[in-house]
Amino acid sequence: MNSSRGITIERHFIDQQELHPEASGELTRLLHQLAFAAKMITKEVRSAGLSDILGEAGHMNVQGEVVQKLDEISNDVIYRSMDHAGVLCCMASEERDEMIAIPKEFRCGKYTLAFDPLDGSSNIDANVNVGTIFSIHKRVTPEGTPGQVEDLLQPGRKQVVAGYIVYGSSTMMVYTTGHGVNGFTLDPTIGEFLLSHPNMKIPPRGKYFSVNMGNRHFWSEGVRRYVDHLTTPNKELGTPYSLRYIGSMIADVHRTLLYGGIFMYPMDYKDPQNPKSKLRLLYEAAPMSMVVEQAGGLSTNGRMSILDVQPKGLHDRVPLFVGSKEEITDLNHFIEKYNVI
Ligand code: AHM
Ligand code: MG
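Residues numbered from 1 in each chain as written. Chains lettered and ligands numbered in written order. Predicted model: local features only at pLDDT ≥ 70, side-chain atom pairs only at ≥ 80, totals over all residues. Heavy atoms only, no water.

A.B. asks: Could you give an account of the coordination of the magnesium ion (ligand 2), with specific residues and numbers?
C.D. replies: Coordination angles at a metal have ideal targets, namely 109.5 degrees for four tetrahedral donors and 90 or 180 degrees for six octahedral donors. Taken together, E94 (OE), D116 (OD), D119 (OD) and E284 (OE) make up the protein donors of the magnesium ion (ligand 2), found 1.9 to 2.6 Å from the metal. Within one chain, the residues serving as donors to the magnesium ion (ligand 2) are arranged as E-x21-D-x2-D-x164-E. Of this pair, E94 sits in the loop between β1 (88-93) and β2 (100-101) while D116 is found in strand β3 (residues 111-119), placing the two residues 22 residues apart along the sequence. Residue E94 is classed as partly exposed on the basis of its relative accessible area, which comes to 25%. (Donors = N, O, S within 2.8 Å, 3.2 Å for Na, K, Ca; no water. Helix = DSSP H or I, 4+ residues; strand = E, 2+ residues; numbered from the N terminus. Buried < 20%, exposed > 50% of the residue type's maximum accessible area, 1.4 Å probe, protein only.)

Take a look at the structure:
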């Protein structure tokens, strides 16, 4: 932690904006609103353990109000922080099937926001880390008109900002504008995010791998052999690796970013005629991959960088492999050799 210099996230946004004299300040406003939403969601997550006392989701609480699920609450917090800010032309959320339009009474801006309001929310009751993931693109349709789905359906490579907020033992916001990665920790006593992890870099190799081993039988041969390689003792290669899997992608990737190694959610061949991926491209895989790549790591779907995958629908799913440069390079050799993802 290095928050002693007291650089707040707001000051950091402004410093970044000053590097781009042509900037209109819209992106700064957008990030500011996201940081605000993060504080609001922190408040909700921190009191989640009290739901038994205050009322279960879907039931009446002691005040006679219907208790909402935390992922719905987070979705609403982000939507309400953003809809009137005049910087977005449309949004997409894991919690909504269709594109989210900006209400007519508010100005339509030049950016789009895709977000997962509360990744890993099935872990909430066990007091496990959850998080918000966000991805921002510049629209492709004319400014001043309502946003369209095509504004959102852009590859990760074109993200202008990507990042996440992890609600753990502390709340941390990590983001990139394509010029490195910075991490900010929320100081709850003053309600400010302070720069705690400047210029984050992922180690070129780590000693942890992160994957749902219960699915091993459903992976392709390349992935299975790679994981066998990671778990077979070999002093020279530094194996076996240690397994770490929380089942909350945001926390698993955050740890991977800090300590190095690899996070995987491979394609599932349970039904070989209909292989399935789980994680969503637009608001899970692409933003996390941009952060990791900006920190010096790599990402792949088994064929190309996640950042080059062209989305066809808002909720497209992809196999995701993300982490240290050397692990992803090794994995690619296994995938090439066995010629399947
Ligand atoms: P969610 O967005 O519904 O929370 O689902 C995504 C989560 C990821 O956070 C995590 O990596 C994955 O699902 C865990 O899946 P599994 O239980 O199949 O390992
Ligand atoms: Mg999710």
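A.B. asks: Which residues make up helix α8 (residues 281-294), and what values do they have?
C.D. replies: Of all the 14 residues making up α8, 13 are buried; the element is thus mostly covered by neighbouring parts of the structure. G296 lies just past α8 and shows a positive phi near 100 degrees.

A.B. asks: Please set out the packing of helix α6 (residues 221-231) against helix α9 (residues 325-338) residue by residue, giving values where relevant.
C.D. replies: Relative to each other, α6 and α9 sit at 135 degrees, their axes nearing to 8 Å. Classed by the angle they form, the pair α6 and α9 counts as oblique. In terms of crossing hand, the pair formed by α6 and α9 is right-handed. Listed contacts from α9 to E221, G222, R225, Y226 and H229 of α6 are E327, D330, L331, F334 and Y338. (Axes fitted to C-alpha atoms, helices over the stretch in contact; angles between N-to-C directions. Parallel < 35°, antiparallel > 145°, perpendicular 65-115°, else oblique. Left-handed = near helix turned anticlockwise from the far one by under 90°. Contact = heavy atoms within 4.5 Å.)

A.B. asks: Please give an account of the domain arrangement of the protein chain that cites residues and values.
C.D. replies: Many descriptions give the size of an interface as the accessible area lost when the pieces come together. In terms of domains, the protein chain is made up of domain 1 (2-197) and domain 2 (208-338). Placing a centre on the C-alpha atoms of domain 1 and another on those of domain 2 gives a separation of 25 Å. If you sort the residues of domain 1 by the area they bury against domain 2, L153, R157 and Y164 come out on top, with a joint share of 23%. At the surface where domain 1 touches domain 2, the tally comes to three salt bridges. R157 is the partner of E293 in a salt bridge, and the nearest nitrogen-oxygen pair spans 3.9 Å. In this structure, the connection of domain 1 to domain 2 is made through 15 residue pairs in polar contact (both at pLDDT 80 or more). Of all elements in the fold, only β1, β3, β4 (130-138), α5 (149-152), β5 (161-167) and β6 (171-176) reach the threshold of two or more residues within the side of domain 1 that touches domain 2. (Domains from an automatic or database assignment. Buried area = accessible area lost by both parts, 1.4 Å probe. Salt bridge = Lys/Arg side-chain N within 4 Å of Asp/Glu carboxyl O. Polar contact = N/O pair within 3.5 Å; in protein donor to acceptor, adjacent residues only side chain to side chain.)

A.B. asks: How would you summarise the environment of S196 if you had to cite specific residues and measurements?
C.D. replies: Counting through the fold element by element, S196 comes out in strand β8 (residues 192-197). Here the side chain of S196 touches T185 through a polar contact of 2.6 Å, side chain to side chain.

A.B. asks: Residue-level account of the site of ligand 1, with values.
C.D. replies: G120, N212, Y245, M249 and Y265 are the nearest of the 16 residues found near ligand 1. Backbone polar atom of M249 to an oxygen atom of ligand 1: 2.7 Å apart, as the coordinates give it. If ligand 1 stood free it would expose 470 Å²; the protein chains cover 79% of that surface. At the level of secondary structure, the elements contributing two or more residues to the shell around ligand 1 comprise β3 and β11 (262-265). Of the residues assigned to the shell around ligand 1, the class counts are five nonpolar, five polar and six charged. (Near = heavy atom within 4 Å. Areas by Shrake-Rupley, 256 points an atom, 1.4 Å probe, with all protein chains shown as cover. Nonpolar A, V, L, I, M, F, W, Y, C, P; charged D, E, K, R; others polar.)

A.B. asks: Any chance you could break down the pattern of salt bridges for me, citing the residues and the numbers?
C.D. replies: With the rule as written, the count across this model stands at 14 salt bridges. The shortest N-O distance in the salt bridge between R280 and E94 comes to 3.4 Å. Here R280 is found in the loop between β11 and α8, whereas its partner E94 is found in the loop between β1 and β2, with 186 residues between them in sequence. R280 sits in the buried class, given a relative accessible area of 13%. A salt bridge links D330 to R205, with the nearest nitrogen and oxygen atoms 3.0 Å apart. On the criterion of sequence distance, the pair formed by D330 in helix α9 and R205 in the loop between β8 and β9 (208-210) is long-range, its members being 125 residues apart. Here R205 falls in the partly exposed class, since its relative accessible area comes to 34%. A network of salt bridges, in which partner residues are shared, links R205, E326, E327 and D330.

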